[in-house]
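A closer look at the structure
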Amino acid sequence: MEKKFIEFLKSRRLKKTPERLEILHCCLECKGHFDVDILYNILDSRGYHVSKATIYSSLDLLAEAGIVRKLLFDTHQAKYEIAGTSHSHLICTQCGEIVELNIEGLDLIMDKLQLCGFIPNYLSTCIYGRCKNCTEKMRSLQ
Ligand SMILES: [Zn+2]
Ligand SMILES: [Zn+2]
């Protein structure tokens, strides 16, 4: 991943700064979904005082390089994840919890799209609702 990113930076004539590389390392260490605040706190705890603006712009570069994926959920802040398999996201609109799920049959849509002349790259769907925890909490309050 690091090699891929360095190649990408080189192709854009951008500098391979220690901050950019450290941001990549943090992304790789994060399991699942992460956002700018999470990365900011990790970097800060390691003595890297990087501004959130720098983290945002580095994440944009990592997304362009195909290393991370920007997930524009209907929440207040963009989330990111390491680009990998296609999957769906179940998003709780109450607590914001995001669960990854593989819904059977969705890959058939990908094949259908090819027939329409559209080349799908990956699939990332979002289903909004209420998670099990929040549902149980609501029930216990009634
Ligand atoms: Zn919830
Ligand atoms: Zn995901």
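**Overview of the coordination of the zinc ion (ligand 2)**
The zinc ion (ligand 2) binds to the protein through His-33 (NE2), Glu-81 (OE), His-87 (NE2), His-89 (NE2) and Glu-100 (OE); the donor distances cover 1.9 to 2.2 Å. Written as a sequence motif, the donor arrangement for the zinc ion (ligand 2) is H-x47-E-x5-H-x1-H-x10-E. In this pair, His-89 is assigned in strand β3 (residues 87-92) and Glu-100 in strand β4 (residues 98-101), connecting sequence segments 11 residues apart. Relative accessible area serves as the criterion here: at 37%, Glu-100 is assigned to the partly exposed category.

**Some words on a nonpolar patch on the surface**
A grouping of Leu-90, Val-99, Leu-101, Ile-103 and Ile-127 is seen on the molecular surface, where their side chains present a nonpolar patch of about 340 Å² in accessible area. With a relative accessible area of 34%, Val-99 lands in the partly exposed category.

**A closer look at the sheet that holds β3**
Pairing in this open sheet of three strands is mixed, and the strands run β4-β3-β5 from one edge to the other. At either margin of the open sheet sits one strand with a lone partner, and together these are β4 and β5 (124-129). Each strand axis lies, on average, 25° off the axis of its neighbour in the sheet, ignoring direction. Pairing analysis gives six bridges linking β3 to β5, with the strands arranged parallel.

**Focus on the environment of Gly-117**
With respect to the helices and strands, Gly-117 occurs in the loop between α5 (106-115) and β5. A residue is classified by how much of its surface remains accessible, and Gly-117, at 61% relative accessible area, is exposed. Once the C-alpha coordinates of Gly-117 and Ile-42 are considered, the two residues, 75 residues apart in sequence, prove to be 43 Å apart.

**What to know about the coordination of the zinc ion (ligand 1)**
Coordination of the zinc ion (ligand 1) by the protein comes from Cys-92 (SG), Cys-95 (SG), Cys-131 (SG) and Cys-134 (SG), over a distance range of 2.3 Å. If you list the donors of the zinc ion (ligand 1) from N- to C-terminus, the spacing comes out as C-x2-C-x35-C-x2-C. Remark: Cys-134 occurs in helix α6 (residues 132-141) and Cys-92 occurs in strand β3; sequence separation between them is 42 residues. Across this residue pair, the class does not change: Cys-92 and Cys-134 are buried.

**Focus: the packing of aromatic side chains**
Scanning the entire structure with this criterion turns up zero aromatic pairs. One cation-aromatic arrangement involves Lys-52 over Tyr-40; the distance from NZ or CZ to the ring centre is 5.0 Å. The positively charged end of Arg-69 is found above the aromatic ring belonging to Tyr-122, 3.7 Å away from the centroid.

**With respect to the pattern of salt bridges**
Applying the stated criterion across every chain yields a total of eight salt bridges. Among the salt bridges present, the one from Arg-12 reaches Glu-64, with a minimum N-O distance of 2.5 Å. You can see Arg-12 sitting in the loop between α1 (2-11) and α2 (18-29) and its partner Glu-64 sitting in helix α4 (residues 52-64), a full 52 residues away along the chain. By relative accessible area, Arg-12 is classed as partly exposed at 40%. A salt bridge links Glu-29 to Arg-46; its shortest N-O distance comes to 2.4 Å. Taken together, the residues span a long stretch of sequence, with Glu-29 in helix α2 and Arg-46 in the loop between α3 (36-45) and α4 at a distance of 17 residues. Linked through salt bridges whose partners overlap, the residues forming this network are Glu-22, Glu-29 and Arg-46.

**A word on the domain arrangement of the chain**
Taken domain by domain, the chain consists of domain 1 (1-84) and domain 2 (85-142). The distance between the C-alpha centroids of domain 1 and domain 2 comes to 24 Å. Buried surface at the junction of domain 1 and domain 2, summed over both partners, amounts to about 840 Å²; 64% is from carbon and sulfur atoms. Three residues, His-33, Arg-69 and Phe-73, lead the burial of domain 1 against domain 2; their summed loss comes to 54% of the area buried on that side. Inspection of the domain 1/domain 2 interface yields zero salt bridges. If you look at where domain 1 meets domain 2, you find three residue pairs in polar contact (both at pLDDT 80 or more). Of all the secondary-structure elements, those providing two or more residues to the side of domain 1 that touches domain 2 are β1 (68-71) and β2 (79-82).

Criteria and cut-off values
Residues take numbers from 1 onward in each chain, read along the sequence in its written order. Think of it this way: whatever chain is written first is A, whatever ligand is written first is 1, and the rest follow in order. Residue-level local features of this predicted model are given only where pLDDT is at least 70; pairs of side-chain atoms are given and counted only at 80 or more, and the full residue set underlies all totals for whole chains, interfaces and linings. Values shown for side chains rest on all heavy atoms present in the structure; no hydrogens or waters enter the calculation. Shown as donors are all N, O and S atoms within 2.8 Å of a metal ion, widened to 3.2 Å for Na, K and Ca; because water is not in the atom set, sites may appear incomplete. Only DSSP runs of H or I reaching four residues or more are called helices, and only runs of E reaching two or more are called strands; each is numbered from the N terminus. Classification of residues uses two cut-offs on accessible area relative to the type maximum, computed with a 1.4 Å probe and protein chains only: under 20% is buried, over 50% is exposed, and between them is partly exposed. In this analysis, a patch consists of residues with relative accessible area above 30% that form no salt bridge, clustered at 9 Å for like charges and at 5 Å for the nonpolar side chains Val, Leu, Ile, Met, Phe, Trp and Tyr. Areas reported as accessible are Shrake-Rupley estimates using a 1.4 Å probe. Residue values count occlusion only from the protein chains shown. Whenever Lys or Arg places a side-chain nitrogen within 4 Å of a carboxyl oxygen from Asp or Glu, that contact is recorded as a salt bridge. Whether two strands pair comes down to DSSP finding at least two bridges between them. Simply put, an axis is a line fit to the C-alpha atoms, just over the touching stretch for a helix, and the angle between two N-to-C directions goes from 0 to 180 degrees. Pairing of aromatic rings covers Phe, Tyr and Trp, the last through its six-membered ring, and needs centres within 6.5 Å; plane angles under 30 degrees mean stacked, over 60 mean edge-to-face, and all others mean tilted. Geometrically, a lysine NZ or arginine CZ counts as sitting over a ring once it is within 6 Å of the ring centre and also within 35 degrees of the ring normal. Domain delimitation in this document rests on an assignment produced automatically or drawn from a domain database. Take the accessible area each of two parts loses on contact, using a 1.4 Å probe, and add the two losses: that sum is the buried area. N or O atoms closer than or at 3.5 Å make up a polar contact, with two conditions inside protein: a donor-capable atom paired with an acceptor-capable one, and, for residues adjacent in sequence, both atoms drawn from side chains.

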